[in-house]
Amino acid sequence: MFAAAKEELAVPYRLGIIGAGNVADCHAQGAAAAGVEVAAVYDVDKQRAEAMAQRFDGCRACASLEQLLAMDDLPAVVAAVPNDLHKDTAIAVLRAGKDLLLEKPMAMTVAECDQIIAARDEAGRALQMGFVSRGAPVAVAVQRFIAEGRLGRIHHAKATMYRRRGIPGLGRWFTTRSRAGGGCLVDIGVHLLDLIIHLTGNPRPDRVSASCASAFGPRMEDYVYTEMWAGPPNFQGVFDVEDSANGLVRFDDGMTLDLSVAWAVNIKEQVLPDGYVLLGDRGGCVFDLWTNRLSIYTEQDGHQVDISPVIPTEDPWAAAWRAEHELFARIVTQGEAPSATGEQGRVIQQIVQSMYESDRAGQEVSIQA
Ligand SMILES: NC(=O)c1ccc[n+]([C@@H]2O[C@H](COP(=O)([O-])OP(=O)(O)OC[C@H]3O[C@@H](n4cnc5c(N)ncnc54)[C@H](O)[C@@H]3O)[C@@H](O)[C@H]2O)c1
């Protein structure tokens, strides 16, 4: 049973959650750790909502979305539903006069992102995107090194996440293009794209060349795995999305980003280490959010110098969710401006769509503004 530590509440408020699946639990635990009361949950699957309500003190399982949105003492909501429901759910939440923390990807298309942004502006409510990687302790440390000018001008970035076997919900909504909008690029690629763009000061993406593959989709029944997010698998279901994607994004300030993501590949984990590389004219850095690995390579007093900051966090995943909810709590209760904005979510959607377009065309494409 998770109860908000009420005596520590800096910013107490009551939060609702729509969708009581796997990521909803990360939100609820992060919110509780941040001192926020998880007060209501709605899921189309009643049992899931009830099970979640039982895990959190004082949490009500709502019978309908309307019932949750009608709760006057609920100023803000997390939307953690499958991707094809993001647009309608987001618009309903904003029109109900509530602030919204919206899971990634923002929506299925750029046009849907525009509809969400318009609803936000009409309602005058806050919209924060759920780019949880930004709050990982290593990401925060890197942001500070960059702000202090330690890397200088960053000309190239590399972001890699290769899972040996990590396809979520095989045969279910995650692997169905009409429900998810894409595969590993939409699921994990968006986090990597967002973090690089966030850390490097939001340069505008200009062109992209990408290739996507589905090596495991065509033979689902042979898939050998040890664990599965959003499982169990449905071998009779659909798998029509990519399970690996590679691309090179060019930005208007000259920076390039080399992105490689895979839900599943036939290579042992960490042969090509997960994580990020930033190359600047004053320094470079290599880091991984979930193992707290961070190295800065620079020059000082006529020497090449390697810096290995100690990041004192045992569980970076839990710390990132807590940080996301501490930030969202300040947005809801203190009127702090959202930092992961709808406009930034839209940029990520533009890149993803352009990567699919480039894959289909077999050549580099421009990213439309
Ligand atoms: N930030 C992250 O690191 C992260 C990680 C995983 C997933 N996600 C995102 O979170 C969202 C949910 O993913 P998940 O892994 O929790 O999936 P999931 O399948 O485990 O959960 C989705 C839940 O939504 C419920 N649902 C379906 N239709 C609904 C409706 N109309 N109204 C209310 N509930 C409905 C389902 O019953 C299910 O419980 C997706 O957008 C995904 O991309 C983010």
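The sections below set out a description of the structure shown in this document. (Residues numbered from 1 in each chain as written. Predicted model: local features only at pLDDT ≥ 70, side-chain atom pairs only at ≥ 80, totals over all residues. Heavy atoms only, no water.)

Description of the overall build of the protein chain
What the protein chain contains, in helices and strands, is 10 helices and 15 strands. What you see for the protein chain is a C-alpha radius of gyration of 20 Å, in line with the 21 Å of a compact globule of 369 residues. Projected onto its principal axes, the C-alpha positions of the protein chain cover 60 × 50 × 40 Å. Expressed as a percentage of its 369 residues, the buried residues of the protein chain come to 54%. (Helix = DSSP H or I, 4+ residues; strand = E, 2+ residues; numbered from the N terminus. Rg over C-alpha atoms; globule rule 2.2 N^0.38 Å. Buried < 20%, exposed > 50% of the residue type's maximum accessible area, 1.4 Å probe, protein only.)

Considerations on helix α2 (residues 46–55)
Buried within α2 are the following residues: Ala49, Met52 and Ala53. Considered in projection along α2, the buried side chains sweep an arc of 100° and stay on one side of the axis. Pointing more than 90 degrees away from the buried face of α2 are the exposed residues Gln47 and Gln54. You can read the cap of α2 off the contacts: a side-chain oxygen lies 3.1 Å from the backbone nitrogen of Gln47, and it is on Asp45. (Arc of directions from axis to C-beta. Polar contact = N/O pair within 3.5 Å; in protein donor to acceptor, adjacent residues only side chain to side chain.)

What about the sheet that holds strand β3 (residues 60–61)?
With parallel pairing, 6 strands are arranged side by side in an open sheet as β3-β2-β1-β4-β5-β6. The sheet is open, and its two edges are formed by β3 and β6 (127–130), each paired on a single side. Note: strand β1 (residues 14–18) against strand β2 (residues 37–42), 5 bridges, orientation parallel. The partner of Gly16 across the bridge, within β2, is Ala40. Together, β1, β4 (76–79), β5 (99–103) and β6 form the strand contacts of helix α9 (residues 316–334), whose direction differs from that of β5 by roughly 155°. (Pairing = 2+ DSSP bridges. Contact = heavy atoms within 4.5 Å. Axes fitted to C-alpha atoms, helices over the stretch in contact; angles between N-to-C directions.)

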